[in-house]
Amino acid sequence: MSGSLVSAGLVPAGPVSFLDGVRLVDHHCHSVVAGPLDRPGFEALLTEGAGPAPGTSSFDSALGFSVRRWCAPALDLPAHTAPDDYLARRAELGPDEVTRRFLGGAGVGAVLVDHGLAPDDLLPPPLLGAAAGASVGEIVRLEAVAEDVADAGVAAADYGDALVEAVTVRTTDGRRPVPVACKSVLAYRAGLDVDPTRPEPDEVQKAADGWLRRRAATGEPLRDPVLLRHGLWAGIDTGLPLQLHTGFGDADEDLHRSNPALLVGLARLVEPLGVPLMLLHCYPYHREAAWLAQVFSVVHVDVGLAVPYVGPRAATVIAELLELAPYGKVLYSSDAFGLPELHLLGALRFRSALGGLLEHLCATDELAPADAERVATMIGTDNARRVYGRMPV
(Lines give C-alpha, C1' and ligand atoms only; values in the text may rest on other atoms or scores of the structure.)
Protein backbone atom coordinates (compact mmCIF):
# COMPACT_ATOMS: atom_id res chain seq x y z
CA MET A 1 0.00 0.00 0.00
CA SER A 2 1.44 3.32 -0.94
CA GLY A 3 2.46 5.58 1.91
CA SER A 4 0.30 8.38 0.52
CA LEU A 5 -2.87 6.51 1.46
CA VAL A 6 -1.62 6.05 5.01
CA SER A 7 -0.70 9.72 5.36
CA ALA A 8 -4.06 10.75 3.92
CA GLY A 9 -5.83 8.72 6.58
CA LEU A 10 -7.32 6.25 4.10
CA VAL A 11 -5.72 3.20 5.72
CA PRO A 12 -4.81 2.48 9.32
CA ALA A 13 -1.36 3.50 10.43
CA GLY A 14 0.59 0.48 11.57
CA PRO A 15 2.23 -2.67 10.27
CA VAL A 16 1.28 -2.72 6.60
CA SER A 17 4.81 -2.37 5.22
CA PHE A 18 4.90 -5.91 3.83
CA LEU A 19 2.13 -4.95 1.41
CA ASP A 20 3.66 -1.64 0.31
CA GLY A 21 3.52 -1.40 -3.46
CA VAL A 22 1.56 -4.66 -3.91
CA ARG A 23 -1.15 -4.16 -6.52
CA LEU A 24 -3.68 -6.68 -5.29
CA VAL A 25 -5.54 -9.09 -7.54
CA ASP A 26 -9.18 -9.13 -6.46
CA HIS A 27 -10.01 -12.63 -7.66
CA HIS A 28 -13.74 -12.35 -6.98
CA CYS A 29 -15.85 -9.20 -6.93
CA HIS A 30 -18.95 -7.62 -8.43
CA SER A 31 -19.68 -4.25 -9.94
CA VAL A 32 -21.06 -1.16 -8.22
CA VAL A 33 -24.21 0.92 -8.55
CA ALA A 34 -23.71 3.41 -11.32
CA GLY A 35 -26.20 6.05 -10.16
CA PRO A 36 -26.95 7.99 -6.97
CA LEU A 37 -28.18 6.29 -3.80
CA ASP A 38 -30.51 7.65 -1.14
CA ARG A 39 -30.09 6.60 2.49
CA PRO A 40 -32.41 3.53 2.31
CA GLY A 41 -30.67 2.37 -0.86
CA PHE A 42 -27.24 2.83 0.67
CA GLU A 43 -28.14 1.08 3.92
CA ALA A 44 -29.66 -1.87 2.03
CA LEU A 45 -26.22 -2.46 0.50
CA LEU A 46 -24.51 -2.39 3.92
CA THR A 47 -26.04 -5.74 4.86
CA GLU A 48 -26.48 -9.21 3.37
CA GLY A 49 -30.09 -9.02 4.52
CA ALA A 50 -33.02 -7.22 2.93
CA GLY A 51 -32.15 -4.03 4.81
CA PRO A 52 -32.09 -2.79 8.40
CA ALA A 53 -34.92 -3.79 10.70
CA PRO A 54 -37.49 -1.04 11.45
CA GLY A 55 -36.09 1.45 13.92
CA THR A 56 -32.48 0.39 13.32
CA SER A 57 -29.67 1.45 10.98
CA SER A 58 -27.12 -0.55 8.99
CA PHE A 59 -24.60 2.08 10.04
CA ASP A 60 -24.78 0.58 13.55
CA SER A 61 -22.64 -2.43 12.63
CA ALA A 62 -18.97 -3.24 12.29
CA LEU A 63 -19.24 -2.53 8.57
CA GLY A 64 -21.19 0.70 9.07
CA PHE A 65 -18.66 2.07 11.56
CA SER A 66 -15.83 1.05 9.21
CA VAL A 67 -17.42 3.13 6.45
CA ARG A 68 -17.63 6.16 8.73
CA ARG A 69 -14.04 5.72 9.93
CA TRP A 70 -12.08 4.61 6.87
CA CYS A 71 -14.17 5.73 3.90
CA ALA A 72 -15.02 9.23 5.12
CA PRO A 73 -11.45 10.57 4.61
CA ALA A 74 -11.59 9.49 0.95
CA LEU A 75 -14.50 11.95 0.59
CA ASP A 76 -12.53 14.75 2.33
CA LEU A 77 -14.51 14.25 5.54
CA PRO A 78 -13.23 13.75 9.08
CA ALA A 79 -13.04 10.20 10.41
CA HIS A 80 -16.19 9.05 12.21
CA THR A 81 -18.33 11.60 10.42
CA ALA A 82 -22.10 11.29 10.98
CA PRO A 83 -24.06 9.14 8.49
CA ASP A 84 -26.16 12.02 7.16
CA ASP A 85 -23.06 14.16 6.58
CA TYR A 86 -21.34 11.24 4.90
CA LEU A 87 -24.23 10.64 2.52
CA ALA A 88 -24.63 14.37 1.78
CA ARG A 89 -20.97 14.60 0.75
CA ARG A 90 -21.32 11.45 -1.31
CA ALA A 91 -24.27 12.97 -3.17
CA GLU A 92 -22.37 16.25 -3.64
CA LEU A 93 -19.43 14.51 -5.32
CA GLY A 94 -21.65 12.33 -7.52
CA PRO A 95 -21.40 8.61 -8.26
CA ASP A 96 -18.63 8.82 -10.87
CA GLU A 97 -16.23 10.66 -8.57
CA VAL A 98 -17.15 8.53 -5.56
CA THR A 99 -16.50 5.35 -7.54
CA ARG A 100 -13.20 6.67 -8.86
CA ARG A 101 -11.97 7.59 -5.38
CA PHE A 102 -12.86 4.32 -3.71
CA LEU A 103 -11.83 1.94 -6.46
CA GLY A 104 -8.67 3.90 -7.18
CA GLY A 105 -7.83 3.89 -3.48
CA ALA A 106 -8.13 0.10 -3.24
CA GLY A 107 -4.78 -0.35 -4.97
CA VAL A 108 -5.78 -3.31 -7.16
CA GLY A 109 -4.05 -4.28 -10.37
CA ALA A 110 -6.74 -6.67 -11.62
CA VAL A 111 -10.41 -7.33 -10.83
CA LEU A 112 -12.09 -10.61 -11.72
CA VAL A 113 -15.77 -9.75 -11.94
CA ASP A 114 -18.75 -12.05 -11.46
CA HIS A 115 -21.28 -10.35 -13.70
CA GLY A 116 -23.88 -13.09 -13.30
CA LEU A 117 -25.57 -11.03 -10.60
CA ALA A 118 -25.99 -8.00 -12.81
CA PRO A 119 -28.93 -5.65 -12.28
CA ASP A 120 -29.25 -2.95 -14.91
CA ASP A 121 -28.10 -0.28 -12.45
CA LEU A 122 -24.58 -1.68 -12.11
CA LEU A 123 -21.53 -0.24 -13.86
CA PRO A 124 -20.37 -2.43 -16.79
CA PRO A 125 -17.17 -4.33 -15.91
CA PRO A 126 -14.90 -2.39 -18.33
CA LEU A 127 -15.93 0.88 -16.63
CA LEU A 128 -15.38 -0.71 -13.23
CA GLY A 129 -11.85 -1.62 -14.29
CA ALA A 130 -11.23 1.88 -15.64
CA ALA A 131 -12.30 3.42 -12.32
CA ALA A 132 -9.94 1.09 -10.46
CA GLY A 133 -7.08 1.55 -12.91
CA ALA A 134 -7.08 -2.25 -13.19
CA SER A 135 -7.37 -4.93 -15.84
CA VAL A 136 -10.64 -6.88 -15.91
CA GLY A 137 -11.41 -10.58 -16.20
CA GLU A 138 -14.87 -12.14 -16.31
CA ILE A 139 -16.16 -14.92 -14.07
CA VAL A 140 -18.81 -16.93 -15.90
CA ARG A 141 -21.70 -17.78 -13.56
CA LEU A 142 -22.93 -21.22 -14.58
CA GLU A 143 -26.48 -20.88 -13.30
CA ALA A 144 -26.95 -17.64 -15.25
CA VAL A 145 -25.78 -19.37 -18.44
CA ALA A 146 -28.19 -22.25 -17.77
CA GLU A 147 -31.11 -19.85 -17.34
CA ASP A 148 -30.19 -18.08 -20.58
CA VAL A 149 -30.24 -21.45 -22.36
CA ALA A 150 -33.65 -22.25 -20.88
CA ASP A 151 -35.06 -18.88 -21.87
CA ALA A 152 -33.91 -19.39 -25.47
CA GLY A 153 -36.53 -22.13 -25.82
CA VAL A 154 -34.41 -25.29 -25.89
CA ALA A 155 -36.11 -28.71 -25.77
CA ALA A 156 -35.48 -30.96 -22.79
CA ALA A 157 -33.77 -33.58 -24.99
CA ASP A 158 -31.30 -30.94 -26.22
CA TYR A 159 -30.75 -29.07 -22.95
CA GLY A 160 -27.69 -31.01 -21.76
CA ASP A 161 -25.66 -30.47 -24.94
CA ALA A 162 -26.92 -26.89 -25.32
CA LEU A 163 -25.72 -25.97 -21.85
CA VAL A 164 -22.26 -27.45 -22.49
CA GLU A 165 -22.01 -25.54 -25.77
CA ALA A 166 -23.15 -22.28 -24.16
CA VAL A 167 -20.58 -22.60 -21.35
CA THR A 168 -17.87 -23.35 -23.91
CA VAL A 169 -18.82 -20.29 -25.96
CA ARG A 170 -18.92 -18.03 -22.91
CA THR A 171 -15.51 -19.21 -21.70
CA THR A 172 -13.87 -18.61 -25.09
CA ASP A 173 -15.66 -15.40 -26.12
CA GLY A 174 -13.07 -12.82 -27.15
CA ARG A 175 -15.60 -9.99 -27.41
CA ARG A 176 -16.11 -9.75 -23.65
CA PRO A 177 -13.65 -9.21 -20.80
CA VAL A 178 -11.27 -12.19 -20.72
CA PRO A 179 -13.13 -15.18 -19.21
CA VAL A 180 -10.90 -16.49 -16.43
CA ALA A 181 -13.10 -18.82 -14.36
CA CYS A 182 -16.51 -20.39 -13.94
CA LYS A 183 -18.57 -19.97 -10.79
CA SER A 184 -21.44 -21.85 -9.18
CA VAL A 185 -23.88 -20.73 -6.52
CA LEU A 186 -24.79 -24.33 -5.73
CA ALA A 187 -24.73 -23.42 -2.03
CA TYR A 188 -27.67 -21.07 -2.56
CA ARG A 189 -29.64 -23.14 -5.02
CA ALA A 190 -29.48 -26.63 -3.45
CA GLY A 191 -26.74 -26.76 -0.81
CA LEU A 192 -23.25 -28.21 -1.01
CA ASP A 193 -24.39 -31.58 0.32
CA VAL A 194 -25.64 -32.82 -3.07
CA ASP A 195 -24.29 -35.87 -4.88
CA PRO A 196 -21.08 -34.54 -6.49
CA THR A 197 -20.92 -37.03 -9.37
CA ARG A 198 -21.55 -36.16 -13.00
CA PRO A 199 -25.22 -36.93 -13.84
CA GLU A 200 -26.09 -39.27 -16.71
CA PRO A 201 -27.66 -37.79 -19.87
CA ASP A 202 -31.04 -39.40 -19.21
CA GLU A 203 -31.08 -37.89 -15.70
CA VAL A 204 -30.35 -34.47 -17.21
CA GLN A 205 -33.11 -34.80 -19.80
CA LYS A 206 -35.69 -35.89 -17.23
CA ALA A 207 -34.79 -33.07 -14.83
CA ALA A 208 -34.70 -30.53 -17.68
CA ASP A 209 -38.19 -31.52 -18.81
CA GLY A 210 -39.67 -30.58 -15.45
CA TRP A 211 -37.62 -27.43 -14.88
CA LEU A 212 -38.09 -26.00 -18.38
CA ARG A 213 -41.86 -26.33 -18.01
CA ARG A 214 -41.80 -24.62 -14.60
CA ARG A 215 -39.48 -21.86 -15.77
CA ALA A 216 -41.68 -21.10 -18.77
CA ALA A 217 -44.72 -20.91 -16.49
CA THR A 218 -43.33 -19.15 -13.41
CA GLY A 219 -39.75 -18.05 -14.14
CA GLU A 220 -38.42 -20.52 -11.56
CA PRO A 221 -34.63 -20.13 -11.04
CA LEU A 222 -32.44 -23.17 -11.55
CA ARG A 223 -32.64 -25.17 -8.31
CA ASP A 224 -32.79 -28.75 -9.54
CA PRO A 225 -29.79 -30.64 -8.06
CA VAL A 226 -29.29 -32.77 -11.17
CA LEU A 227 -29.14 -29.75 -13.47
CA LEU A 228 -26.93 -27.85 -11.05
CA ARG A 229 -24.50 -30.79 -11.06
CA HIS A 230 -24.61 -30.89 -14.85
CA GLY A 231 -23.68 -27.21 -14.95
CA LEU A 232 -20.92 -27.76 -12.40
CA TRP A 233 -19.32 -30.43 -14.56
CA ALA A 234 -19.74 -28.33 -17.71
CA GLY A 235 -17.64 -25.72 -15.94
CA ILE A 236 -15.07 -28.27 -14.76
CA ASP A 237 -14.75 -29.59 -18.31
CA THR A 238 -13.55 -26.17 -19.52
CA GLY A 239 -10.41 -26.62 -17.42
CA LEU A 240 -10.82 -23.13 -16.01
CA PRO A 241 -10.77 -22.63 -12.23
CA LEU A 242 -14.17 -23.25 -10.66
CA GLN A 243 -15.27 -20.77 -8.01
CA LEU A 244 -17.78 -21.99 -5.42
CA HIS A 245 -19.67 -19.82 -2.98
CA THR A 246 -19.33 -21.19 0.55
CA GLY A 247 -20.20 -19.86 3.98
CA PHE A 248 -21.49 -16.36 4.70
CA GLY A 249 -24.13 -15.04 2.32
CA ASP A 250 -27.69 -13.79 2.21
CA ALA A 251 -30.96 -15.34 3.38
CA ASP A 252 -31.43 -17.38 0.19
CA GLU A 253 -29.00 -20.01 1.51
CA ASP A 254 -29.19 -22.44 4.39
CA LEU A 255 -25.91 -21.62 6.10
CA HIS A 256 -25.30 -25.10 7.49
CA ARG A 257 -25.50 -26.50 3.94
CA SER A 258 -22.83 -24.04 2.72
CA ASN A 259 -20.05 -25.50 4.88
CA PRO A 260 -17.10 -26.10 2.52
CA ALA A 261 -16.36 -29.39 4.30
CA LEU A 262 -19.38 -30.73 2.38
CA LEU A 263 -17.32 -30.41 -0.81
CA VAL A 264 -14.89 -33.16 0.11
CA GLY A 265 -16.58 -35.60 -2.30
CA LEU A 266 -16.28 -33.14 -5.19
CA ALA A 267 -12.67 -32.42 -4.28
CA ARG A 268 -11.86 -36.15 -4.45
CA LEU A 269 -13.36 -36.36 -7.93
CA VAL A 270 -11.65 -33.21 -9.23
CA GLU A 271 -8.23 -33.82 -7.65
CA PRO A 272 -7.05 -36.19 -10.44
CA LEU A 273 -8.24 -33.69 -13.07
CA GLY A 274 -6.14 -30.83 -11.70
CA VAL A 275 -8.91 -28.22 -12.11
CA PRO A 276 -8.57 -25.59 -9.36
CA LEU A 277 -11.50 -25.36 -6.94
CA MET A 278 -11.69 -21.84 -5.53
CA LEU A 279 -13.63 -21.73 -2.25
CA LEU A 280 -15.02 -18.23 -1.81
CA HIS A 281 -15.69 -16.47 1.51
CA CYS A 282 -15.82 -19.62 3.70
CA TYR A 283 -16.52 -17.74 7.01
CA PRO A 284 -17.57 -18.95 9.56
CA TYR A 285 -16.26 -22.25 8.20
CA HIS A 286 -12.86 -20.88 7.22
CA ARG A 287 -11.01 -23.44 9.34
CA GLU A 288 -12.80 -26.26 7.51
CA ALA A 289 -11.87 -24.61 4.22
CA ALA A 290 -8.25 -24.34 5.37
CA TRP A 291 -8.23 -28.09 5.99
CA LEU A 292 -9.51 -28.75 2.47
CA ALA A 293 -6.74 -26.54 1.06
CA GLN A 294 -4.23 -28.45 3.18
CA VAL A 295 -5.22 -31.93 1.98
CA PHE A 296 -6.29 -31.37 -1.65
CA SER A 297 -3.87 -29.88 -4.16
CA VAL A 298 -6.70 -28.36 -6.25
CA VAL A 299 -8.39 -26.44 -3.41
CA HIS A 300 -7.72 -22.73 -2.84
CA VAL A 301 -9.43 -20.41 -0.35
CA ASP A 302 -10.26 -16.84 0.58
CA VAL A 303 -12.28 -15.07 3.28
CA GLY A 304 -13.33 -12.21 1.03
CA LEU A 305 -16.90 -11.37 1.96
CA ALA A 306 -16.28 -11.59 5.70
CA VAL A 307 -13.28 -9.26 5.86
CA PRO A 308 -15.04 -5.89 5.52
CA TYR A 309 -18.09 -7.08 7.44
CA VAL A 310 -16.23 -8.09 10.60
CA GLY A 311 -14.33 -4.80 10.80
CA PRO A 312 -11.30 -4.84 13.11
CA ARG A 313 -11.81 -8.58 13.73
CA ALA A 314 -10.59 -9.25 10.18
CA ALA A 315 -7.12 -9.84 11.60
CA THR A 316 -8.44 -12.75 13.67
CA VAL A 317 -10.29 -14.32 10.72
CA ILE A 318 -7.24 -14.16 8.45
CA ALA A 319 -4.97 -15.51 11.19
CA GLU A 320 -7.35 -18.44 11.74
CA LEU A 321 -7.41 -19.20 8.00
CA LEU A 322 -3.62 -19.20 7.88
CA GLU A 323 -3.29 -21.56 10.84
CA LEU A 324 -3.64 -24.46 8.41
CA ALA A 325 -4.12 -23.23 4.83
CA PRO A 326 -0.85 -23.32 2.85
CA TYR A 327 0.21 -19.78 2.01
CA GLY A 328 0.37 -20.71 -1.67
CA LYS A 329 -3.35 -21.61 -1.62
CA VAL A 330 -4.77 -18.38 -0.13
CA LEU A 331 -5.99 -15.49 -2.30
CA TYR A 332 -7.39 -11.99 -1.84
CA SER A 333 -10.94 -11.08 -2.77
CA SER A 334 -13.29 -8.31 -1.72
CA ASP A 335 -16.58 -9.82 -2.98
CA ALA A 336 -17.63 -6.17 -3.10
CA PHE A 337 -21.10 -5.59 -4.53
CA GLY A 338 -23.07 -2.42 -5.08
CA LEU A 339 -21.08 0.03 -2.96
CA PRO A 340 -17.64 1.16 -4.16
CA GLU A 341 -16.80 1.62 -0.49
CA LEU A 342 -16.66 -2.18 -0.18
CA HIS A 343 -13.85 -2.36 -2.73
CA LEU A 344 -11.78 0.04 -0.60
CA LEU A 345 -12.69 -1.56 2.72
CA GLY A 346 -11.97 -5.08 1.49
CA ALA A 347 -8.47 -4.08 0.40
CA LEU A 348 -7.84 -1.90 3.45
CA ARG A 349 -8.81 -4.53 6.01
CA PHE A 350 -6.93 -7.26 4.14
CA ARG A 351 -3.74 -5.22 3.94
CA SER A 352 -3.88 -4.22 7.59
CA ALA A 353 -4.77 -7.72 8.84
CA LEU A 354 -2.23 -9.65 6.78
CA GLY A 355 0.44 -7.00 7.26
CA GLY A 356 -0.08 -7.04 11.03
CA LEU A 357 0.07 -10.83 11.16
CA LEU A 358 3.30 -10.95 9.15
CA GLU A 359 4.81 -8.22 11.33
CA HIS A 360 3.97 -10.27 14.43
CA LEU A 361 5.49 -13.41 12.94
CA CYS A 362 8.69 -11.50 12.19
CA ALA A 363 8.77 -9.94 15.67
CA THR A 364 8.51 -13.41 17.24
CA ASP A 365 11.11 -14.82 14.83
CA GLU A 366 8.63 -17.21 13.21
CA LEU A 367 9.34 -15.66 9.81
CA ALA A 368 12.32 -13.87 8.33
CA PRO A 369 11.44 -10.46 6.89
CA ALA A 370 12.35 -11.63 3.39
CA ASP A 371 9.93 -14.53 3.73
CA ALA A 372 7.22 -12.20 5.03
CA GLU A 373 7.64 -10.00 1.97
CA ARG A 374 7.34 -13.06 -0.27
CA VAL A 375 4.23 -14.33 1.53
CA ALA A 376 2.55 -10.92 1.28
CA THR A 377 3.12 -10.81 -2.47
CA MET A 378 2.14 -14.46 -2.84
CA ILE A 379 -1.25 -14.01 -1.18
CA GLY A 380 -1.91 -10.52 -2.49
CA THR A 381 -1.24 -11.19 -6.16
CA ASP A 382 1.04 -14.06 -7.19
CA ASN A 383 -1.24 -16.95 -6.22
CA ALA A 384 -4.07 -15.51 -8.32
CA ARG A 385 -1.81 -14.88 -11.29
CA ARG A 386 -0.58 -18.47 -11.14
CA VAL A 387 -4.01 -20.10 -10.78
CA TYR A 388 -5.85 -17.93 -13.31
CA GLY A 389 -3.42 -18.58 -16.15
CA ARG A 390 -5.29 -16.54 -18.74
CA MET A 391 -5.80 -13.59 -16.41
CA PRO A 392 -5.35 -10.19 -18.12
CA VAL A 393 -2.13 -8.41 -17.26
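For the structure, check the block above.
Computed from a prediction, not measured in an experiment: that's the story for all the values here.

Caption draft 1: Examining the packing of aromatic side chains more closely. Across all of its chains, the model carries five aromatic pairs by this definition. Plain terms: the ring middles of Phe42 and Phe59 are 5.7 Å apart, the flat faces sit at 10 degrees to each other, and that makes the pair stacked. On the criterion of sequence distance, the pair formed by Phe42 in helix H2 (residues 39-44) and Phe59 in the loop between H2 and helix H3 (62-71) is long-range, its members being 17 residues apart. Comparing Phe42 with Phe59 shows no difference in burial state: the two are buried.

Caption draft 2: Looking closely at the sheet that holds strand S4 (residues 178-184). Across the sheet, seven strands lie side by side as S1-S2-S3-S4-S5-S6-S7; this open sheet has parallel pairing. Of all strands in the sheet, those with a lone pairing partner are strand S1 (24-29) and strand S7 (299-301), marking the two edges. Strand-to-strand twist of the sheet, defined as the mean angle between neighbouring strand axes without regard to direction, takes the value 25 degrees. Where S4 meets strand S5 (residues 242-246), three bridges bridge the pair, whose relative direction is parallel. In the strand pairing of S5, Ser184 is matched with Leu244. Contacts from helix H6 (residues 125-132) reach strand S2 (108-114) and strand S3 (135-141), with the element oriented near 160 degrees to S2.

Caption draft 3: Summary view of the side chain of Glu253. You can see Glu253 is positioned in the loop between S5 and helix H12 (264-270). Buried within the structure, Glu253 lacks any salt-bridge partner; Lys183 is the closest side chain of opposite charge, at an N-O distance of 9.9 Å. Engagement of the side chain of Glu253 in a polar contact is seen with the side chain of His245, the distance being 3.3 Å. A polar contact is formed between the side chain of Glu253 and the backbone nitrogen of Gly249, at a distance of 2.9 Å. Discounting residues that sit within four places of it in the chain, Glu253 has contacts with Ala187, Tyr188, His245, Gly247, Phe248 and Ser258.

Reading the values: rules and limits
Residues numbered from 1 in each chain as written. Predicted model: local features only at pLDDT ≥ 70, side-chain atom pairs only at ≥ 80, totals over all residues. Heavy atoms only, no water. Phe/Tyr/Trp six-rings, centres within 6.5 Å; stacked < 30°, edge-to-face > 60°. Helix = DSSP H or I, 4+ residues; strand = E, 2+ residues; numbered from the N terminus. Buried < 20%, exposed > 50% of the residue type's maximum accessible area, 1.4 Å probe, protein only. Pairing = 2+ DSSP bridges. Axes fitted to C-alpha atoms, helices over the stretch in contact; angles between N-to-C directions. Contact = heavy atoms within 4.5 Å. Lys, Arg positive; Asp, Glu negative; His and termini not counted. Salt bridge = Lys/Arg side-chain N within 4 Å of Asp/Glu carboxyl O. Polar contact = N/O pair within 3.5 Å; in protein donor to acceptor, adjacent residues only side chain to side chain.

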